[in-house]
Amino acid sequence: RACVARNPSASTAVLSLLASDEHDQVRRQLLYNPKTPAEVLEDLTYDESAGIRGDVALRSEVSAAALERLARDEGDYTRGRVAQNPSTTAATLEWLASDTSVPIRHSVAEHRAASAMTLTTLSSDEDWRVRQEVATNPRTPAEVLTKLASEESVGMRQCVAQNQSTPAATLE
């Protein structure tokens, strides 16, 4: 059944049926099938398996509403995958910016849809890796880059210097 779930020639009806298979590995294979219908993917966002919920959170076909719901998932893996999805909205990224997990905040800081407000908030993060991602994000406001350039860390200053959005005055 797992091979059928991954087969792009399988019918929509068969793929829909396999979405409720009792075995995780069968349901997971649907995520690797480019022909899996969007409504099946949406159903999988409610899967009992955190791994499947996390993997489906990376699919571009998943709706913004489903990503917003998954951003509140109990599992770090799922929330982290939402933060990595290029389709995740700025509002959902703002929510994830206050996550207790450093890797999730790190993913938010590097996301190209993160808002200036979110990046400003993350520029004061306790973790230097999150702040460095803010320093490399081209959407980071100039005043935030200037602030980050004043940190003692050579690595931080290098990140700011490499960001094409850094004002010339900050580079001098």
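Scroll up for the structure.
Before going into details, it helps to say that this report is about the structure given with it. (Residues numbered from 1 in each chain as written. Predicted model: local features only at pLDDT ≥ 70, side-chain atom pairs only at ≥ 80, totals over all residues. Heavy atoms only, no water.)

**Overview of the side chain of E133**
Locating E133 in the fold gives a position in helix α11 (residues 128–136). Buried charge E133 goes without a salt bridge, the closest partner of opposite sign being R112 at 5.7 Å. In this structure E133 touches H106, A109 and E110, once residues within four positions along its chain are discounted. (Helix = DSSP H or I, 4+ residues; strand = E, 2+ residues; numbered from the N terminus. Buried < 20%, exposed > 50% of the residue type's maximum accessible area, 1.4 Å probe, protein only. Lys, Arg positive; Asp, Glu negative; His and termini not counted. Salt bridge = Lys/Arg side-chain N within 4 Å of Asp/Glu carboxyl O. Contact = heavy atoms within 4.5 Å.)

**Considerations on the packing of helix α9 (residues 102–110) against α11**
Contact geometry of α9 with α11 gives a least axis separation of 8 Å together with a crossing angle of 10°. Judged on the interaxial angle alone, α11 and α9 are roughly parallel. Residue-level inspection shows V102, R105, H106, A109 and E110 of α9 in contact with α11, the latter providing R129, V130, E133 and V134. (Axes fitted to C-alpha atoms, helices over the stretch in contact; angles between N-to-C directions. Parallel < 35°, antiparallel > 145°, perpendicular 65-115°, else oblique.)

**Let's talk about the nonpolar core**
The biggest cluster of nonpolar side chains holds 39 residues, and the ones touching the most others in it are L30 and L44. Look past the residues within four positions of L44 in its chain and what remains in contact with it is A19, R27, L30, L31, I52, R53 and V56. (Core = buried A, V, L, I, M, F, W, Y, C linked by side-chain atoms within 4.5 Å.)

**A look at the packing of aromatic side chains**
Tallying each qualifying case throughout the model produces zero aromatic pairs. One residue, R69, lies across the ring of Y46, its end atom 3.7 Å from the ring centre. The ring centre of W95 lies 3.9 Å from the NZ or CZ of R72, which sits over that ring. (Phe/Tyr/Trp six-rings, centres within 6.5 Å; stacked < 30°, edge-to-face > 60°. Lys NZ or Arg CZ within 6 Å of the ring centre and 35° of its normal.)

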